[in-house]
Amino acid sequence: MKKQLSLTLVLLSCLFLVLPVSAQQRKKVGVVLSGGGAKGVAHIGALKVIRDAGIPIDYIAGTSMGSIIGGLSAIGYTPEQLEKMVKEQNWNFLLSDRIKRSEQTLAERQNSETYIISIPFSKTLKDRALGGVIQGQNLENLFQNLTLGYHDSINFNKLPIPFACVSENIVNGSKIVFHDGVLSTAMRASMAIPGVFTPVRLDSMVLVDGGMVDNYPVDVVKAMGAEIIIGVDVQNNLRTAGELNSAADILNQIVSLTGQKIYLENIKETNTYIKVDVQGYSAASFNAPALDTLMHRGEEAARSQWNELIALKKKIGIPEDYKATYPELELSTYESKDFFVKEIMFSGIEDDDKKWMMRKCKLLENSNVTMEQLEQALSILRGSQAYSNVSYKLANTPEGYNLIFLLEKKYEKNINLGIRFDSEEIASMLLNATLSLKTKVPSKVSATGRLGKRYVARLDYTLEPIQMRNFNFAYQFEYNDINIYNHGDRAYNTTYKYHEGEFSFSDVWFNNLRFAVGARFEYFKYKDFLYTGPEYNMVVKPEHFFSYFANIHYNTYDKGYFPTKGTDFKVGYSLYTDNLTQYNDHAPFSALNASWTEAFQVTNRFALLPSIYGRVLIGRDVPYPYLNALGGNYFGRFLPQQMPFAGIDNLEFTDNSIVVAALKLRQRMGSKNYISLIGNVAVSDNNFFDILKDKWMYGFSLGYGYDSMFGPLEASLGYSNQSKKVGFYINLGFYF
């Protein structure tokens, strides 16, 4: 019996000797990553050093940005992969609710490039789904994409590295520690900074950033089983009395003091405490130079404690030369990652709409779907503007994933505001209120008012039986006060009242192409004509018109006001009558207009924009309100039919047929400053077929532009042979 026992002990000793160190008895190591917003990218540099030291990581716990870096590390992202992702992200886009311009409809692009402020409002919190300036849709989509394969509700202890993160339930102020659930949701809840990001609503909880209750969660990782703690802290030190000089400073100090007691206790429980120098940076420092510096500072802070990290191995129970192994994701290019989709479902829509959605999103069931396709589908659904929130989840089945799009219907009330200043009108304001109605057929009502030298009131009622396919009823009143010029000299001034009633049908194809047909009633009531000389005297009487129109607009610009690539093409035809069939007891007259502009990016900073446009009036007795008009730097500056012309700053009437060719050369200076040179030539005649025989006009302008958050700031000097004067024009704000 004793021999058998001795033999057993010998065999066990030999087995223990040949087993790798990782299988021998050692203490469990937990890594703690604090919150800190943008400063949290410093965790990446620190993790790189911890791995270089060969220290095993058995548990990870984090708060806010620490939860994001920690969660991704737990499923196998390496510090090098995380660093690459941080550098490649468009943080201005991620930290906003913006939709990619390419996925917006033409109407939404026009709104985003007209109004500087858009405020949703509602009587109920449920309808608003607010609680933060940023809803966080783009961040949520990123988290879902990065955690592909972990979309089901899972136990975080079963991840390649067990993980936990901290959030706060503001219903009762309790600390919520996520040990299971949907990984992307847990990360999103942990970084929902109050007042900045919309809280995450989960069951009966309203979850926000965990920094208020536990911003450095050593206690959490110890509860998971960690015996040795390595902590990385990216928080700013408490400010002194002399440093509390702003509302932001005071607010940050209050947040820090709220969790100060548990924070100090957790520091005492840390074996190796890596304090990163984040002086000069804040939670909002999401610009490329700051992020790069912070990652380097995280690495420097950890490198400065290299000896302590190596000495820590003895406490862990491993030799100094021990090299731990870490989980690592096999990452090809991010966009090419794919997964098999068995079935696709859309919540919140009728079955009849599913086929339309599938075609629109270009997805197929029982096929492989790439991350690029999924992102495009999400952008398309958000770009439709029919939903206040669009997300997805993947349910694992034996045959593959079920892809479920979660759509929250948008029943929003919005107030939109546009403001602009220029040297002609001085100041003008555009105010819009839009209300989506809860009707059987989706519909909305919109009221718009324009204040300035000319003022407008417009009311629209829109029916949308199918997404992006609209029936619109509108009424508009306008008071106009216009100076008319002739060869650069003011000829006369006219004031008039304008009434318009319109019914139209429009359809959007592939977001970039819009087609509209309809009918209008228009009434012009002229009040005064103030002439500068007898040669301009004319008789213009109040008159009404019934017209039929069709328009096509195609636009693929990458930016609205300073594009570097893309096409803008418009063509329209209108037939005018005074009794639905005739005008002045003879055949009706009509107007055909077209424009084309192409943006070519020659270099990273230099772009060419050639264009050609014109308008032809067909028929006889064309009345005064529809005469061709030229001047200014954008279409429809004073009149709907007005066409721009470099060198003519004001409005001049021209012949019944006019064609303009222009070339713009634009050089970018810095990131948002532009210098442009425009040259254009125009030919005109009352008979289109004689257009090359008569009047030739040319002009050019030199301008400066700045792409500001309030719209373009532009100033230009121009000259033309029509006016024979040097003109100056300055504008700040979107055109309307």
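For the structure itself, look to the data block above.
Keep in mind that this is a model prediction, so the values were computed, not measured.

Q: Can you lay out the nonpolar core for me, pointing to particular residues and giving the numbers?
A: Across soluble globular proteins, nonpolar side chains show a tendency to be buried alongside one another. Within the largest apolar cluster, 71 residues are counted, with the highest numbers of intra-cluster contacts made by Ile-55, Leu-72, Phe-163, Phe-178 and Ile-230. With six residues, the top contributor of residues to this core is helix H2 (residues 42-52). The contacts of Ile-230, once residues within four sequence positions are left out, are Val-29, Gly-30, Val-31, Val-32, Ile-50, Ile-55, Thr-270, Thr-272, Ile-274, Leu-309 and Leu-312. Residues Leu-381, Tyr-401, Phe-405 and Leu-407 belong to the second largest nonpolar core, which totals 25 residues.

Q: Can you tell me about helix H12 (residues 260-268), naming the residues and giving the values?
A: Of the residues making up H12, those classed as buried are Gln-260, Tyr-263 and Asn-266. Along the axis of H12, the buried residues cluster in a sector spanning 125°; they form a single face. Facing away from the buried surface of H12 by more than 90 degrees, the exposed residues are Lys-261 and Lys-268.

Q: Go over the packing of aromatic side chains with me, naming the residues and quoting the values.
A: Under the definition given, this model contains 37 aromatic pairs. Taken together, a centroid distance of 6.1 Å and an interplanar angle of 75° make the contact between Phe-524 and Phe-545 edge-to-face. Within this pair, whereas Phe-524 is found in strand S24 (residues 513-531), its partner Phe-545 is found in strand S25 (residues 543-555), the two being separated by 21 residues in sequence. On the basis of an interplanar angle of 40° and a centroid distance of 5.6 Å, the ring pair of Tyr-526 and Phe-529 is categorised as tilted. Owing to a relative accessible area of 12%, Tyr-526 belongs among the buried residues under this scheme. Above the ring of Phe-549, the side-chain terminus of Arg-520 is found at 4.1 Å from the ring centroid.

Q: Report on empty space enclosed by the protein, specifying residues and quantitative values.
A: Summed over the entire model, instances satisfying the criterion amount to four cavities of 30 Å³ or more. Looking at the largest cavity, its volume works out to about 70 Å³. Around the largest cavity sit Glu-424, Glu-425, Lys-453, Arg-454, Asp-481, Ile-482, Asn-483, Tyr-485, Phe-638, Asn-650 and Leu-651, which together line it. Here the lining of the largest cavity gets four residues from one element, more than from any other, and that element is strand S22 (residues 469-486). Per-class residue counts for the lining of the largest cavity are four nonpolar, two polar and five charged.

Definitions and cut-offs
Residues numbered from 1 in each chain as written. Predicted model: local features only at pLDDT ≥ 70, side-chain atom pairs only at ≥ 80, totals over all residues. Heavy atoms only, no water. Core = buried A, V, L, I, M, F, W, Y, C linked by side-chain atoms within 4.5 Å. Buried < 20%, exposed > 50% of the residue type's maximum accessible area, 1.4 Å probe, protein only. Helix = DSSP H or I, 4+ residues; strand = E, 2+ residues; numbered from the N terminus. Contact = heavy atoms within 4.5 Å. Arc of directions from axis to C-beta. Phe/Tyr/Trp six-rings, centres within 6.5 Å; stacked < 30°, edge-to-face > 60°. Lys NZ or Arg CZ within 6 Å of the ring centre and 35° of its normal. 1 Å grid on protein atoms, 1.4 Å probe; cavity = no way out; pocket = protein on both sides within 12 Å on 5 of 7 lines; lining within 4 Å. Points joined across faces, edges and corners; volume = space filled by probe spheres on them. Nonpolar A, V, L, I, M, F, W, Y, C, P; charged D, E, K, R; others polar.

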